[in-house]
Amino acid sequence: MVIPLIIVAALLAVFGKRLADVSGGDDPRVVPTVLLNTPFPAMDLAALPGREFGGLSTADLKGQVSLVNVWGSWCVACMVEHPTLVALNREKLVPIHGIAWRDKPEASLAWLAKNGDPYARVGQDPRSSAAIALGVTGAPETFVVDAEGVIRYKHIGPITPEVWKTKLAPLIAQLRK
Amino acid sequence: MLIELGHFALALALLVAVVQGTLPLIGAHRRNTAWMAVAEPAAIVQALLCGFAFATLMHAYIVSDFSVIGVANNSHTAKPLLYKITGVWGNHEGSMVLWITVLSLFGAAVALFGTNLPRSLKARTLGIQGLIGLGFLAFILFTSNPFLRLNPAPAQGNGLNPLLQDPGLAFHPPMLYLGYVGFSVAFSFAAAALLEGRVDSAWARWVRPWTLAAWMFLTLGIGLGSWWAYYELGWGGWWFWDPVENASFIPWLTGTALLHSAIVVERREALKSWTILLAIVTFSLSLLGTFLVRSGILTSVHAFAADPARGVFVLILLAIAIGGSLTLYAVRAPAVDGGGVFSPISREGGLLINNLLLTTAATTVLLGTLYPLIADAFELGKLSVGAPYFNAVFVPLMVPLVILTGIGPLLAWKRGDLNGAFQRLKAAAAIAVLALLATVVLNGGDIVNIAAGGGMALAAWLIAAALTEWLYRVRGTDGISWQRIVNLPRSAYGMTLAHIGMAVLIIGVTGSTAWKEEHIESLKPGEYIEAAGYRVTFVTAKEVRGPNYVALQGEYTVTRNGELVTTLRPEKRNFSQPVQQTTEAAIHTTGLADLYTVIGDADAANTAFVTRVFYEPFVPCLWYGVLLMGLGGLVSLSDRRHRIGAARRIAAGSAALQPAE
């Protein structure tokens, strides 16, 4: 007769703990990528015509720690994070590659011309093949890839100076060791 | 001014709840009739005060009084009147006032209609009801006050989430609350019976109509929610195993179990402590749903704005209500049990298996819903549990349940005759096999169609078995008599209707799962998509204006074998207050299947539009099934044994309710 009481007490304890976690800033909506600590999926994306550095393939990600940023000229939140990416590139903090997701090359190029171009390589992904392989849920999303080409982190949403300082910069410093 | 009166009324209601939650309970303990007698007027005053508070809030929404924070945040002058009214419960604070209003109305209903209840049981039931009200009134007044003013008042409000501006959703929350909160009566009766230390068939008979009413409302409420998700979200599905959906479905499962186990208590005075436990658990699960939806600890598409401070308050309420009632259960339940042993092959044996299957199903759904949370708490990693889990565990539990639902009613109480039941069900079994064969012959013998055939066979079995049972009841040695058809108790008809409704629902689930077609293409004018023999041709798209939105409306002609069937106009609405897009699917229904179209974004040249066409066979059966189940509840509720005195019922009813031998 006391069994239901014990089960409920255990459940309530779990709820209480979760409630404390959530108030402490642990967002239950964040589900990390299943690709964490796995090699960046194989892809070979075409370049935006006329850009200096060419398209993006998996092989390009080996050799040094880099960011891969999924964006689109149609994406409002990408506009929000863009100044931060431009600043990171200006200070040469980390190479940033772009994946132009579901976009027309002219639109991507015009957007970069207008807002600044922080990217090393940019690959086109007009049919979402790369986005699907990466499990992208929405733009912008940014992957931290280590020197071996392994995904170490995925950030969902715009990168702000705050995100850079508290999450990405420490992780990158650690990966470079 | 009116809104302050409403606020004041709710504060007064809190004080009344203190009185209602203490004096009658103490009075019942001390056998003081004067103290016990306080319960009824207190419950009625409580309902009047909460009803008045709710009315003032509704008034503020109707006249768009933006000096009230809730109205400013959730309403807008350009909104149609219906959605100004439904905006009252489209937000956390207002929905809690609806919650407490429904609770107090149930309390008043027990006070007014429970005339044949023993005095102390009634006082205790209303006392517990008062304590629940006390907890929630404190919750509203201290953490979620909808009566707060805003100074200066804005000239215009923020508007209601456009997804909620929909007739399906307008009545979904009130129905759901009538269900959730209705189970509070069963809970209070259970706690009162534990305090009394006595559970008997009379108790079961008193609880039954309240359980039945709550179950009926919950059934319709879940059905409305599913219907809304189906046509409003534009995903072409009707059930997503979302945590919030599950939060309403779990108490439905245990409530259904309660409905059946209460019959065993009424007829055989067995399963008493189990039934008490179910009554406690069902309402506790309703409270748990409220907590999960409002605390932000689970992720869902339609959660309220999460606020951990409120979460703590509800968690404490939960601990007191569930912890308290289960402690009472642990202490007192051993005293109420008795009459226990019975044959497995009997009506009560069947009902027991029904209960085991339903509660197992409820547990598995609960486990799947809470698992991400438990994993989070023990840092086992973040994850989500989706439809594959639920389908894999739920369906295997439902199959034996449905088979049993066909057999159970044909078994007699005490000692059933399984062979006899099988003899009578030969025709039903043959019909089920025919349904399986017909499905496979008509659609092909691959695994999907064999599974679908199994689903159709189950549905056919259940309908045939329910009709067989009815036939044996109305047929005597002289054939079927009109007299017997009329005299059969309404509760028997209620059961038959609800069971057939279940079968119809299974047809909908099976058909829409197995044979759904989904096509997505970008269409230019003149281009078409073909689905299930229909050709959906895109004609044009234009901009149309509604009262508080601008919509892109597509025009599609639907033809079949070259003949025009209908013209569909799906919309994509852009609301400005607040800024949000909603999808309005256009649905052509034949009554047995739906052709469902959704218009999406245009391409860069603005000539081609992404069009989704779903062929949804048998989806209407889902709604028919839900309606039939609700109707079954209503018919059963109107049974005369719920209205007349206990002594007469036992004399008149027990013979009539026996299945024909």
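1. A closer look at the overall build of chain A
- The number of helices and strands found in chain A is 5 helices and 7 strands.
- Going from the N terminus to the C terminus, chain A shows its helices and strands as α-β-β-β-α-β-α-β-α-β-β-α.
- Judged by the C-alpha coordinates and their principal axes, chain A covers about 75 × 35 × 30 Å.
- Out of the 177 residues belonging to chain A, those deemed buried represent 46%.
- The contacts of chain A with a sequence gap of at least 6 include a subset with a gap of at least 24, amounting to 73%.

2. What to know about the packing of aromatic side chains
- All told, the structure shown has 28 aromatic pairs over all chains when counted by the stated rule.
- An angle of 45° between the planes, with centres 5.4 Å apart, marks the rings of Phe139(B) and Phe313(B) as tilted. Of this pair, Phe139(B) sits in helix 7 (residues 119-143) while Phe313(B) is found in helix 13 (residues 308-336), placing the two residues 174 residues apart along the sequence.
- Measuring from ring centre to ring centre gives 4.8 Å for Trp227(B) and Tyr231(B), while their planes differ by 70°; the resulting arrangement is edge-to-face. On the criterion of helical spacing, the pair formed by Trp227(B) and Tyr231(B) is a turn pair, its members being 4 residues apart in helix 10 (residues 201-232).
- Joined through ring pairs, the aromatic side chains of Trp215(B), Trp239(B), Trp241(B), Phe249(B), Trp252(B), Tyr389(B), Phe390(B) and Phe394(B) make up one cluster.
- Between Arg102(A) and the ring centre of Trp101(A), over which it is positioned, the NZ or CZ distance is 5.8 Å.
- Looking at Arg560(B), its charged tip hangs above the ring of Tyr534(B), at a distance of 4.6 Å from the centre.

3. What to know about the domain arrangement of chain B
- For chain B, the domain assignment lists domain 1 (1-164), domain 2 (400-515) and domain 3 (517-617).
- Spacing between the C-alpha centres of domain 1 of chain B and domain 2 of chain B amounts to 44 Å.

4. Quick notes on the nonpolar core
- One finds Phe15(A) and Trp203(B) to be the most contacted residues of the largest nonpolar core, which totals 141 residues.
- Per-domain counts for this core show at least three residues from each of domain 1 (1-164) and domain 3 (517-617) of chain B.
- Excluding its chain neighbours within four sequence positions, the residues that come into contact with Phe15(A) are Leu288(B), Phe291(B), Leu292(B), Ile297(B), Leu315(B), Leu370(B) and Leu373(B).
- Formed by 22 residues, the second largest nonpolar core is a distinct cluster that contains Val65(A), Ala100(A), Trp164(A) and Ile172(A).

5. A word on helix 5 (residues 161-176) of chain A
Residues and elements named next belong to chain A.
- The largest bend in helix 5 is about 40°, located at Leu168, with the proline Pro170 one to four residues further on.
- Residues of helix 5 that are buried include every one of Val163, Trp164, Leu168, Leu171 and Ile172, and no others.
- Next to the buried residues of helix 5 lie strand 3 (66-71), helix 2 (76-90), strand 6 (141-145) and strand 7 (151-156).

6. Focus: helix 17 (residues 426-443) of chain B
All names here are of chain B.
- Here helix 17 is 18 residues long and its end C-alpha atoms lie 26 Å apart, about the 26 Å a rise of 1.5 Å per residue gives.
- Taken together, the buried positions of helix 17 are Ala428, Ala432, Ala435 and Thr439. Angular distribution of buried residues about the axis of helix 17 spans 55°; they occupy a single face of the element. Seen from the buried face of helix 17, the exposed residues on the opposite side, beyond 90 degrees, are Lys426, Leu434 and Val441.
- Its buried side turned inward, helix 17 meets helix 18 (447-474) and helix 20 (490-515).

7. Let's talk about the sheet that holds strand 6 of chain A
All names here are of chain A.
- Here we have 5 strands laid out as an open sheet, ordered 5-4-3-6-7, and mixed in their pairing. At either end of the open sheet lies a strand with only one pairing partner, and these are strand 5 (122-125) and strand 7. Between one strand and the next, the sheet's axes are offset by a mean angle of 20°, whatever the strand orientation.
- Bridge count between strand 3 and strand 6: 5 bridges; the pairing is antiparallel. Bridging across to strand 6, Val70 finds its partner in Glu141.
- In the packing of helix 5 onto the sheet, contacts are made with strand 3, strand 6 and strand 7, and the angle to strand 7 comes to roughly 170°.

8. Looking at the confidence of the model for chain B
- Looking at chain B, pLDDT values average 88 and 93% of them are 70 or higher.
- Long-range and interchain partners of residues 645-661 of chain B, a stretch whose pLDDT sits below 50, account for 27 contacts in this model, where long-range means more than four residues apart.

9. Some details on the environment of Gln553(B)
Residues and elements named next belong to chain B.
- Mapped onto the elements of the fold, Gln553 is located in strand 6 (residues 549-560).
- Look at Gln553 and you get buried, because its relative accessible area is 12%.
- Expressed as a C-alpha distance, the spacing of Gln553 and Glu571, which sit 18 residues apart in the sequence, is 4.4 Å.
- If we skip the residues at most four places from it in the chain, Gln553 touches Thr540, Ala541, Lys542, Val544, Arg569, Pro570 and Glu571.
- Of the polar contacts made by the side chain of Gln553, one reaches the side chain of Glu571; its length is 3.0 Å.

10. Quick word on the sheet that holds strand 12 (residues 609-617) of chain B
Residue and element names in this part refer to chain B.
- The 4 strands lie next to each other as 3-12-11-10, forming an open sheet whose pairing is antiparallel. Among the strands making up the open sheet, the edge pair consists of strand 3 (517-523) and strand 10 (586-589). Taken pair by pair, the neighbouring strands of this sheet meet at an average axis angle of 15°, ignoring direction.
- Alignment of strand 10 against strand 11 (residues 593-602), held across 4 bridges, turns out to be antiparallel. Opposite His588, over in strand 11, you have Leu595 as the bridge partner.
- Packing of helix 20 onto the sheet brings it into contact with strand 3 and strand 12, and relative to strand 12 it is tilted by some 135°.

11. With respect to the packing of helix 11 (residues 243-268) of chain B against helix 14 (residues 347-377) of chain B
Residue and element names in this part refer to chain B.
- Close contact between helix 11 and helix 14 brings their axes to 9 Å; oriented N to C, the two are set at 160°. With respect to helix 14, the element helix 11 is oriented roughly antiparallel. The handedness of the crossing between helix 11 and helix 14 comes out as left-handed. Contacts from Pro243, Asn246, Ile250, Leu253, Thr254, Thr256, Ala257, His260, Ser261, Ile263, Val264 and Arg268 of helix 11 reach helix 14 at Glu348, Leu351, Asn354, Asn355, Leu358, Thr359, Ala361, Ala362, Val365, Leu366 and Thr369.
- The class makeup of the residues in the contact of helix 11 with helix 14 is 12 nonpolar, 9 polar and 2 charged.

12. Quick word on the pattern of salt bridges
Residues and elements named next belong to chain B.
- In the structure shown here, the tally under the stated rule is 16 salt bridges over all chains.
- Across the pair Arg535 and Glu530 runs a salt bridge whose closest N-O atoms are separated by 2.9 Å.
- For Glu584, the salt bridge identified is with Arg573, shortest N-O distance 3.8 Å. Here the residue Glu584 occupies a position in strand 9 (residues 580-584), and Arg573 occupies one in strand 8 (residues 571-575), the gap between them amounting to 11 residues.
- Accessibility expressed as a relative area gives 13% for Glu584, which makes it buried.
- Judged by relative accessible area, Arg573 falls into the buried class, the value being 17%.
- Among the charged side chains, a salt-bridge network with shared partners connects Glu4, Asp65 and Arg149.

13. Concerning a nonpolar patch on the surface
Residues and elements named next belong to chain B.
- Residues Met1, Leu2, Leu5 and Phe52 make up a contiguous nonpolar surface patch of roughly 380 Å² in combined accessible area.
- In this fold, Phe52 is placed in helix 3 (residues 39-62).
- Accessibility expressed as a relative area gives 35% for Phe52, which makes it partly exposed.

The rules we used
- Residues numbered from 1 in each chain as written.
- Chains lettered and ligands numbered in written order.
- Predicted model: local features only at pLDDT ≥ 70, side-chain atom pairs only at ≥ 80, totals over all residues.
- Heavy atoms only, no water.
- Helix = DSSP H or I, 4+ residues; strand = E, 2+ residues; numbered from the N terminus.
- Buried < 20%, exposed > 50% of the residue type's maximum accessible area, 1.4 Å probe, protein only.
- Contact = heavy atoms within 4.5 Å.
- Phe/Tyr/Trp six-rings, centres within 6.5 Å; stacked < 30°, edge-to-face > 60°.
- Lys NZ or Arg CZ within 6 Å of the ring centre and 35° of its normal.
- Domains from an automatic or database assignment.
- Core = buried A, V, L, I, M, F, W, Y, C linked by side-chain atoms within 4.5 Å.
- Bend = angle between axes of the 7 residues up to and from the residue.
- Expected span 1.5 Å × (residues − 1).
- Arc of directions from axis to C-beta.
- Pairing = 2+ DSSP bridges.
- Axes fitted to C-alpha atoms, helices over the stretch in contact; angles between N-to-C directions.
- pLDDT = per-residue confidence, 0-100.
- Polar contact = N/O pair within 3.5 Å; in protein donor to acceptor, adjacent residues only side chain to side chain.
- Parallel < 35°, antiparallel > 145°, perpendicular 65-115°, else oblique.
- Left-handed = near helix turned anticlockwise from the far one by under 90°.
- Nonpolar A, V, L, I, M, F, W, Y, C, P; charged D, E, K, R; others polar.
- Salt bridge = Lys/Arg side-chain N within 4 Å of Asp/Glu carboxyl O.
- Patch = residues over 30% accessible without salt bridge, like charges linked within 9 Å, V, L, I, M, F, W, Y side chains within 5 Å.
- Areas by Shrake-Rupley, 256 points an atom, 1.4 Å probe, with all protein chains shown as cover.

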